[in-house]
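Below are the chains, spelled out letter by letter.
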Amino acid sequence: MKLFILTVMNGMTLAALYFLVASGFTLVFGLMRNVNLAHGSLYLLGAYVGFDIADWTGSWFLGVAGGFLGMAVVGAILQVAIFRRMQGQDLRQTLVTIGLSIVMADLMLAVWGGQTYQFDPPAWLSGPTQLMTAPVVKYPTYRLVLFGSAIVIGVGLWLLLNKTRIGMMIRAGVDDRGMLAASGVNVQRIFTITFALGAGLAGFAGVVGGTALSIAPGEDTRYLLASLVVVIVGGMGSVTGAAIGAILIGLAEQLGLVYSPTYGVVYTFLIMVVVLAFRPQGIMGKAA
């Protein structure tokens, strides 16, 4: 029972990390229909930038802020320089961002090398927290805070997109850009802000994920693939769907790793295949 509880907790905290990465991806890919296959590179670059800032300043919180703001700026530049010029051209966006991710991976390898980095969280986030007494289960405090942060960010994104004026403008711009522009709204500015927010969330996830696990070459590909699966399973453009997809994938990955490690990686893609077979638009996606 203790092993099962710890495995489920590991699955939920991994799901929280997947959601943080996929929430930015669902804004850019699922909602805005921009195929950004360099999203995983933004995750890893944000982690490296946050690590350097935290190392220079001695403040983990400044590292988190630096990872978010740095990638938000990079995201805004990508939207203005690349995606604005290729709006609606999915194949071109795919090929360009694949090339961009390869270039960024090589540049990061040249700058930071192939070694693994590890953040040191604040002292009050270190150590275990006792969750229950029978059976006695202690769990890392930082991972519990990561899980809570994902909930707060998820609720905030849902409120932003569904209950605010800017959220309505984002959704309207995706559905009918010409009509929104005719009403006097600067559509390109709205899209740039949205893209910057999605990229910033990837950078934020890079820092908090690098603190929970580690930072190393290859993590960009891992989290890009995880984001794709989560968005496909949960439904394009749905924050709630991204949360559901992240929970399913995180639990499947951890339970499979513990109870059937030989086939553990299969369960993730089995979930995706089943969802695509019976609900192609995703669990919370809207039918075309």
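Located above this text is the structure these notes cover.
Calculation rules
Residues numbered from 1 in each chain as written. Predicted model: local features only at pLDDT ≥ 70, side-chain atom pairs only at ≥ 80, totals over all residues. Heavy atoms only, no water. Helix = DSSP H or I, 4+ residues; strand = E, 2+ residues; numbered from the N terminus. Rg over C-alpha atoms; globule rule 2.2 N^0.38 Å. Buried < 20%, exposed > 50% of the residue type's maximum accessible area, 1.4 Å probe, protein only. Expected span 1.5 Å × (residues − 1). Arc of directions from axis to C-beta. Phe/Tyr/Trp six-rings, centres within 6.5 Å; stacked < 30°, edge-to-face > 60°. Axes fitted to C-alpha atoms, helices over the stretch in contact; angles between N-to-C directions. Parallel < 35°, antiparallel > 145°, perpendicular 65-115°, else oblique. Left-handed = near helix turned anticlockwise from the far one by under 90°. Contact = heavy atoms within 4.5 Å. Nonpolar A, V, L, I, M, F, W, Y, C, P; charged D, E, K, R; others polar. Polar contact = N/O pair within 3.5 Å; in protein donor to acceptor, adjacent residues only side chain to side chain.

A tally of helices and strands in the protein chain yields 11 helices and two strands. Counting from the amino terminus, helix and strand elements in the protein chain follow one another as α-α-α-α-β-β-α-α-α-α-α-α-α. For 288 residues, the compact-globule estimate of 2.2 N^0.38 gives 19 Å, and the C-alpha radius of gyration of the protein chain, at 19 Å, lies within 12% of that figure. Seen along its three principal axes, the alpha-carbon backbone of the protein chain occupies a region of about 60 × 50 × 35 Å. Classification of the 288 residues of the protein chain by burial places 48% in the buried group.

Let us look at helix α11 (residues 264–278). In an α-helix, one turn spans 3.6 residues; hence positions three or four apart end up facing the same way. Taking 1.5 Å per residue, 15 residues should reach 21 Å; α11 reaches 22 Å between its end C-alpha atoms and fits that length. All buried positions along α11 are accounted for by G264, T268, M272 and V275. Buried residues of α11, viewed axially, fall in a sector of 125°; they line one side. Summarising the geometry of α11, the exposed residues directed more than 90 degrees from the buried face are V265, V273, A277 and F278.

So, on to the packing of aromatic side chains. Taken as a whole and assessed by the stated rule, the structure comprises nine aromatic pairs. Judged by centre distance (5.2 Å) and plane angle (75°), the rings of W60 and F61 are edge-to-face. The class of W60 is buried, set by a relative accessible area of 11%. Ring-pair connections join several aromatic residues into one group, and the members of that group are Y48, F51, W112, Y117 and F119.

What follows is about the packing of helix α9 (residues 219–234) against α11. For the pair α9 and α11, the least separation of the axes is 9 Å and the interaxial angle reads 30°. One way to sum up the angle between α9 and α11 is to call them roughly parallel. Judged by the twist between their axes, the crossing of α9 over α11 is left-handed. Together, L225, V229, I232 and V233 of α9 and T268, F269, I271, M272, V275 and L276 of α11 make up the contact between the two elements. Across the contact of α9 with α11, the residue classes break down as nine nonpolar, one polar and no charged.

This part takes up the side chain of Q79. Relative to the helices and strands, Q79 resides in helix α3 (residues 60–81). A residue is classified by how much of its surface remains accessible, and Q79, at 0% relative accessible area, is buried. At a separation of 2.8 Å, a polar atom in the side chain of Q79 contacts the side chain of T192.

Let us now look at the packing of helix α10 (residues 239–259) against α11. One can describe the packing of α10 onto α11 by two numbers: an axis separation of 7 Å at closest approach and a directional angle of 155°. Regarding the angle of α10 to α11, the classification is roughly antiparallel. As for how α10 packs across α11, the hand of that crossing is right-handed. Within the contact between the two elements, α10 uses L248, I249, A252, E253, G256 and L257 and α11 uses G264, Y267, T268 and I271. Within the contact of α10 with α11, the residues separate by chemical class into six nonpolar, three polar and one charged.

Among the secondary structure elements, P217 is positioned in the loop between α8 (187–212) and α9. What makes P217 partly exposed here is its relative accessible area of 40%. With 107 residues separating them along the chain, P217 and A110 place their C-alpha atoms 11 Å apart. Once you skip the residues sitting within four places of it in the chain, P217 turns out to touch L44, Y48, L109, G113, G114 and Q115.

A few words now on the side chain of H39. Mapped onto the elements of the fold, H39 is located in helix α2 (residues 39–57). We classify H39 as buried; its relative accessible area is 1%. A distance of 3.0 Å separates a polar atom in the side chain of H39 from the backbone oxygen of V21. When neighbours within four sequence positions are excluded, H39 is seen to be in contact with V21, G24, F25, G198, A202, L224 and S227.

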